[in-house]
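An overview of the molecular structure
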Amino acid sequence: MGELAVDQPHSFVMIHDPVAGKGFLLNPDKKVAHVMALPNHGPRNGKAGKGMSADAASGGPDAIDSAETTNSNVTKESLGTQTLSGISAQGTRFTRLIPAGNIGNDKPITVTREVWYSPDLQM
């Protein structure tokens with residue numbers, strides 16, 4: 001059995017399709033895709049959930065984990081606006097650093113998340 005490449009970064013792609021009620025987790029290293037059913041936590045009757053802004057309930061630009069906005073180990077970077085398949089979308093990259101020893105890890109871990117939001121589609 002070969003050694004595990006610990007020093008190599010691993011990438012995963014998550015796709016959320018609220019219309020289909022499914023999520024997709026793609027592992028490009030292994031060329032594997034996992035399909036998951038998404039729970040229905042969206043707005044009910046056009047109203048935001050308790051404690052949520054309308055943007056957050058609809059998956060808008062404010063729909064980020066509260067830990068990401070208050071954690072000093074998280075940086076937020078605007079990726080600008082791009083046209084994807086004819087739809088304008090605004091991108092934001094969140095980079096979180098988990099220091100060595102914080103969760104039992106012997107080396108720092110960097111977690112990167114990109115969010116693309118289309119004002120036209122409200123998602």
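Refer to the structure printed above.
Residues numbered from 1 in each chain as written. Predicted model: local features only at pLDDT ≥ 70, side-chain atom pairs only at ≥ 80, totals over all residues. Heavy atoms only, no water.

A grouping of Val 19, Leu 121 and Met 123 is seen on the molecular surface, where their side chains present a nonpolar patch of about 300 Å² in accessible area. Judged by relative accessible area, which is 36%, Met 123 ranks as partly exposed. (Patch = residues over 30% accessible without salt bridge, like charges linked within 9 Å, V, L, I, M, F, W, Y side chains within 5 Å. Areas by Shrake-Rupley, 256 points an atom, 1.4 Å probe, with all protein chains shown as cover. Salt bridge = Lys/Arg side-chain N within 4 Å of Asp/Glu carboxyl O. Buried < 20%, exposed > 50% of the residue type's maximum accessible area, 1.4 Å probe, protein only.)

Turning next to the side chain of Ser 118. With respect to the secondary-structure elements, Ser 118 resides in the segment after strand 6 (109-117). Once residues within four sequence positions are removed from consideration, Ser 118 is found in contact with Ile 87, Ser 88, Ala 89 and Met 123. (Helix = DSSP H or I, 4+ residues; strand = E, 2+ residues; numbered from the N terminus. Contact = heavy atoms within 4.5 Å.)

Evaluation of the coordinates by the stated rule reveals 2 salt bridges. With a shortest N-O distance of 3.3 Å, Arg 93 and Glu 77 are connected by a salt bridge. Residue Arg 93 is found in strand 5 (residues 87-98), and its partner Glu 77 is found in strand 4 (residues 74-84); the two are separated by 16 residues along the sequence. What makes Glu 77 partly exposed here is its relative accessible area of 38%. Across the pair Glu 114 and Arg 93 runs a salt bridge whose closest N-O atoms are separated by 2.9 Å. Here the residue Glu 114 occupies a position in strand 6, and Arg 93 occupies one in strand 5, the gap between them amounting to 21 residues.

A few words now on the sheet that holds strand 3 (residues 32-37). Within the open sheet, the 3 strands sit side by side as 1-2-3. Their pairing is antiparallel. Every interior strand has two partners, whereas the edge strands, strand 1 (13-17) and strand 3, have only one. For this sheet, the mean angle separating the axes of adjacent strands, direction not counted, is 15°. Across 5 bridges, strand 1 lies against strand 2 (residues 22-27) in antiparallel orientation. Bridge assignment links Ile 15 to a residue of strand 2, and that residue is Phe 24. (Pairing = 2+ DSSP bridges. Axes fitted to C-alpha atoms, helices over the stretch in contact; angles between N-to-C directions.)

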